[in-house]
Amino acid sequence: AAGVIQSPRHLIKEKRETATLKCYPIPRHDTVYWYQQGPGQDPQFLISFYEKMQSDKGSIPDRFSAQQFSDYHSELNMSSLELGDSALYFCASSLTTRTEQYFGPGTRLTVT
Amino acid sequence: QQQVKQSPQSLIVQKGGISIINCAYENTAFDYFPWYQQFPGKGPALLIAIRPDVSEKKEGRFTISFNKSAKQFSLHIMDSQPGDSATYFCAASNGSNTGKLIFGQGTTLQVKP
């Protein structure tokens, strides 16, 4: 079965640079969630989209923005990167809201 | 403040034994409770989930027990195997909003051969 695809899988950036993370949901899934997971921590909700509209927002810094496109893929844009942004970033998708969420393999972002 | 509290933080079980992980929540608006398994460097994988209208759900070796009055739920892994060694997260979501998951702190399970 098709799973959530995330790219790139690994990304190394320097402080103050910009990064773009991409997420391709499972086919026919119209809802996308982004989570951030620090080392040894639980995933923290950042932002979600339903039918290409932002549906919820968590503890996402103003330096971050995201959108969902017409083909339902989503991109998380991160600017003015800080050392503390180093983490695993997961995208999850679901068939509408309030149903099972399936996570992608994640993007490991390292800021040096 | 952690909305979903998970215990224990780590757990060591012998092969063939039962692993039990517990979670507690405060927000009575939560109405969906999944469990995820995560291997190092991998994404969380959905194991099993329950809604408050049932007290127990079983899928293979994995069982969720749910106590609505106590606001607690637990994961039982029967006949634990070394391949079950991973980090397990409980989570909850609020039925009135967009489905975002609130996770517990995680439990690192080691199953010894």
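Preceding block: the structure.
Below is a summary of the structure that appears in this document.

Calculation rules
- Residues numbered from 1 in each chain as written.
- Chains lettered and ligands numbered in written order.
- Predicted model: local features only at pLDDT ≥ 70, side-chain atom pairs only at ≥ 80, totals over all residues.
- Heavy atoms only, no water.
- Salt bridge = Lys/Arg side-chain N within 4 Å of Asp/Glu carboxyl O.
- Helix = DSSP H or I, 4+ residues; strand = E, 2+ residues; numbered from the N terminus.
- Buried < 20%, exposed > 50% of the residue type's maximum accessible area, 1.4 Å probe, protein only.
- Contact = heavy atoms within 4.5 Å.
- Buried area = accessible area lost by both parts, 1.4 Å probe.
- Polar contact = N/O pair within 3.5 Å; in protein donor to acceptor, adjacent residues only side chain to side chain.
- Nonpolar A, V, L, I, M, F, W, Y, C, P; charged D, E, K, R; others polar.

## What about the pattern of salt bridges?
In step 1: The full count for this structure, using the stated rule, is seven salt bridges over all chains.
In step 2: The partner of A:Glu75 in a salt bridge is A:Lys22, and the shortest N-O contact between them spans 4.0 Å. With A:Glu75 in strand 8 (residues 74-78) and A:Lys22 in strand 3 (residues 19-24), this pair connects stretches of sequence that are 53 residues apart.
In step 3: Here A:Glu75 falls in the buried class, since its relative accessible area comes to 14%.
In step 4: With a shortest N-O distance of 3.6 Å, B:Lys71 and B:Glu26 are connected by a salt bridge. Of this pair, B:Lys71 sits in the loop between strand 7 (62-67) and strand 8 (72-77) while B:Glu26 sits in the loop between strand 3 (19-25) and strand 4 (30-38), and the two are 45 residues apart along the sequence.
In step 5: Note on B:Glu26: relative accessible area 58%, which makes it exposed.
In step 6: Each of A:Arg63, A:Glu82 and A:Asp85 takes part in salt bridges that share partners, so that together they form one network.

## A look at the interface of chain A and chain B
In step 1: Tallying the contact residues gives 21 residues for chain A and 21 residues for chain B.
In step 2: For the pair chain A and chain B, the summed buried area comes to about 1700 Å², and 52% of that belongs to carbon and sulfur atoms.
In step 3: There are one salt bridge connecting chain A and chain B.
In step 4: Residue B:Lys100 is joined to A:Asp56 by a salt bridge in which the shortest nitrogen-to-oxygen separation is 3.8 Å.
In step 5: Joining chain A to chain B, the criterion identifies four residue pairs in polar contact (both at pLDDT 80 or more).
In step 6: The set of elements that each furnish at least two residues to the side of chain A that touches chain B consists of strand 4 (31-37), strand 5 (44-50), strand 6 (53-57) and strand 10 (102-103) of chain A.
In step 7: In terms of residue class, the side of chain A that touches chain B is built from eight nonpolar, seven polar and six charged.

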